[in-house]
Structures are given as C-alpha cells and as structure tokens.
Amino acid sequence: MRIAFVGKGGSGKTTLSALFSRHLAQSGAPVLAVDGDINQHLAEAMGHDGKPPAAPPLGAHLDAIKTYLRGTNPRIASSEAMIKTTPPGRGSRLLTLLGDDELHTRHVRRVGDVPLMVTGEFEESDLGVACYHSKLGGVELYLNHLVDGPGEYVVVDMTAGADAFASGLFTRFDLTFLVAEPTRKGVSVYRQYRDHAREFGIRIAVVGNKVTGEDDLLFLKQEVGDDLLTHLVQSPFVRAAEQGRAQGGLESLESHNRHALDVLRETVDACPRDWATLHRHAVEFHLRNARAWAGEDLAAQVDPDFVPGPASLT
C-alpha cells in the first residue's frame, strides 16, 4: 500500500510520517519511507544524526534511474526521451518493494528499523534554474514502476501545502493522510486537497495533530466533518525526540497516540488496491504533460495494452 502524508508546513506531517513508518517497521511489516519534501527532515525525525547522509538522493541520479527503468521498452527511444510521468510498458523494468535491484540497492539506507529513500535537497546550483518538482520526478518514476504487494507499505512525506498538486504525484497513492492542526490555517490546506482529490477520486483522511483538549477536537470535527479519521494529542515524547533527548522506542509514545497509529494502519489495510485506476491516472498526467509542454510525440510512449500489477511480473 502507498500512503502519502500532506499538510500545512509545521502541521507535523513529517513527524507523523516518521512515527507511522516506525510503527509499521516495528510490527515486522515490509516498509519503505520516502522523503519527498523540499525540507529533507524525515531521516532526522526517525533519529538519524546526519552523518553520513541517510541515502544517495534520487534527484541527483535521475538519468541513471531513467536508463534502468526504461529497460527494453521499445516505445521509449532513449532515457533522454523519458520524462518523470512516463508510464511503464512491456519491456520496462518493474520493481518489487525492497528488492535486490539496482535502484533499491543504491538508494535505500536504513535509519533505525526503517529503510529510507530521499529525493535530495534543493541545492545552490538549482537556484533560479530549476524547481523542486524535478527532483520529485524520481519518486514518481519509482512509484509508477513499483509492483508492491499486500501487506507492504510505502510511506511518502510530501511537500507542504497544496504544492503537491503541481505534479501528478498526488494520484500515486492508495490513501492520503492530511495532517491538520486545530487552527483555521491548519484546515485551509484540507479544503484545497479535498476539492482536488474529489475531482480525481483520491482517498483522503484527516489526522488531527497537536490536539490539547475537547475544544480543539470539536473545532476539527466542525471544520472537516466525517473526513476526520483520528487525532494525536500534544506529545511530550515527540518534543523530547525533537530536542534529541528521547528515551526508548515507540513503546514510550503516549497510549492515545499509539492507538491513533493503529487506526491509521487499519484504515490503510482496508483500502483495496486498484491497479487499473493507478495506471489510468499515470497515463492521464503523462498525456497532459505531452500536450502542454513536452510534445505530442511523447503520447506514443503509452502502451495501450499494458497495466502494471502482479501479473506483469511474470
């Protein structure tokens, strides 16, 4: 299952991404955490001290990633012709979660119990000449070519605010958790996400965060209604971790917040995977790019008789 965490900057989405990834890993589930935020803090939120770097970033190796994933797909003339939205077809290299392939071997490192993949930071050489979404292309290509199975999890910490809609990456998930503080600013991103998500049939659920009492909870219920799935209370455990003085693992997390993580997993597990819809969204956004700026000839990269899924691995 593929899960995105989104929300206003400062809402706690990176913290929730880290907690949920650790929660899954400690249960023994296969999980990959992906830092897809322009502010690369997911490794730190999982306890990494920054030395050495958590993993070689996807954004710095896009050409090699395209060459590898292209495989022998006859519809893609070259890796240079491949863009971030190019969907897989017959001949493309498909990935299984945490397989021993070149991409996972090169770009995944463990932080504690959790395998981590990062997009990379916005560098000085990018200033004025590139946008961060070019780095996110590695994540989009990865998810387009990934055939993950039941009981496997990819958790992506997305860019803050509604900026995630600048690419088709927001359609790559089985479920999107929108983290909202109990403030007007905290729920403003929810309204933007809700409207865009409905347009494309994207599943979203709101996770309240930093709730301090009944007034906070009532505010969230009034603002987001039935989309409110669960909430986490203000956490001394998280604050101690952010200050570098946390003791123990997630067993030290407050009982209410541990229960909230259980609710998140139960909700994810109840979502059916729809390979045809995932692929249809990938094709749709690729064709949008082809029409808008990349050239109509890129429409020929779409293999009309191919849908990724378990059967495509054989």
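The preceding data block contains the structure.
Here is a short report on the structure shown in this document.

Quick notes on the rules
- Residues numbered from 1 in each chain as written.
- Predicted model: local features only at pLDDT ≥ 70, side-chain atom pairs only at ≥ 80, totals over all residues.
- Heavy atoms only, no water.
- Helix = DSSP H or I, 4+ residues; strand = E, 2+ residues; numbered from the N terminus.
- Rg over C-alpha atoms; globule rule 2.2 N^0.38 Å.
- Buried < 20%, exposed > 50% of the residue type's maximum accessible area, 1.4 Å probe, protein only.
- Contact = heavy atoms within 4.5 Å.
- Areas by Shrake-Rupley, 256 points an atom, 1.4 Å probe, with all protein chains shown as cover.
- Salt bridge = Lys/Arg side-chain N within 4 Å of Asp/Glu carboxyl O.
- Axes fitted to C-alpha atoms, helices over the stretch in contact; angles between N-to-C directions.
- Parallel < 35°, antiparallel > 145°, perpendicular 65-115°, else oblique.
- Left-handed = near helix turned anticlockwise from the far one by under 90°.
- Nonpolar A, V, L, I, M, F, W, Y, C, P; charged D, E, K, R; others polar.
- Core = buried A, V, L, I, M, F, W, Y, C linked by side-chain atoms within 4.5 Å.
- Pairing = 2+ DSSP bridges.

1. Section: the overall build of the chain
Thought 1: Check the secondary structure of the chain and you find 10 helices and eight strands.
Thought 2: Taking 2.2 N^0.38 as the reference for a compact globule, 314 residues should give roughly 20 Å; the C-alpha atoms of the chain span a radius of gyration of 19 Å, in line with that estimate.
Thought 3: Dimensions of the chain, computed from the C-alpha atoms along their principal axes, are close to 60 × 45 × 40 Å.
Thought 4: Looking at the chain as a whole, 55% of its 314 residues qualify as buried.
Thought 5: Looking at the chain alone, contacts between residues at least 24 apart form 73% of all its contacts between residues at least 6 apart.
Thought 6: Working note: accessible area of the chain is about 13,900 Å², and carbon and sulfur atoms make up 50% of it.

2. Description of the environment of Gly-47
Thought 1: Checked against the element boundaries, Gly-47 lands in the loop between α2 (42-45) and α3 (62-70).
Thought 2: On the accessibility criterion, Gly-47 (62% relative accessible area) is exposed.

3. Structural notes on the pattern of salt bridges
Thought 1: Within this structure, the stated rule accounts for 13 salt bridges.
Thought 2: For Asp-148, the salt bridge is made with Arg-2, and the minimal N-O distance between the two is 3.1 Å. Within this pair, whereas Asp-148 is found in the loop between α5 (133-144) and β5 (153-157), its partner Arg-2 is found in strand β1 (residues 2-7), the two being separated by 146 residues in sequence. Both residues of the pair, Asp-148 and Arg-2, count as buried.
Thought 3: What emerges from the salt-bridge pattern is a single network uniting Arg-2, Asp-148, Asp-174 and Arg-273.

4. Some remarks on the packing of helix α6 (residues 184-200) against helix α7 (residues 214-224)
Thought 1: The contact between α6 and α7 brings their axes to 11 Å, and the two run at 25°. Classified by the interaxial angle, the pair formed by α6 and α7 is roughly parallel. Considering how the two elements wind past one another, α6 and α7 form a crossing that is right-handed. Note on element contacts: α7 touches α6 through Phe-219, Leu-220, Glu-223 and Val-224, opposite Arg-184, Val-187, Tyr-190 and Arg-191.

5. Things to note about the packing of helix α1 (residues 13-26) against helix α9 (residues 255-269)
Thought 1: Running from N to C, α1 and α9 point in directions that differ by 75°, and their axes come no closer than 10 Å. Here α1 lies roughly perpendicular to α9, going by the angle between them. Contacts between α1 and α9 involve Leu-16, Leu-19, Phe-20, His-23 and Leu-24 on the former and, on the latter, Leu-261, Asp-262, Leu-264, Arg-265 and Val-268.
Thought 2: Per-class residue counts for the contact of α1 with α9 are seven nonpolar, one polar and two charged.

6. Description of the nonpolar core
Thought 1: Among the nonpolar cores identified, the biggest contains 46 residues, and Leu-69, Met-117, Tyr-142, Leu-143 and Tyr-193 are the most heavily contacted of them.
Thought 2: With six residues, α6 is the largest single contributor of residues to this core.
Thought 3: Listed in part, the 36 residues of the second largest apolar core include Met-46, Leu-232, Leu-250 and Ala-260.

7. Points about the sheet that holds strand β2 (residues 31-35)
Thought 1: One open sheet accounts for eight strands, arranged β3-β4-β2-β5-β1-β6-β7-β8; its pairing is mixed. Looking at which strands have only one partner, the edges of the open sheet turn out to be β3 (109-111) and β8 (228-233). Strand-to-strand twist across the sheet, computed as the mean angle between neighbouring axes with direction ignored, equals 30°.
Thought 2: Inspection of the sheet shows β1 paired to β5 by four bridges, in the parallel sense.

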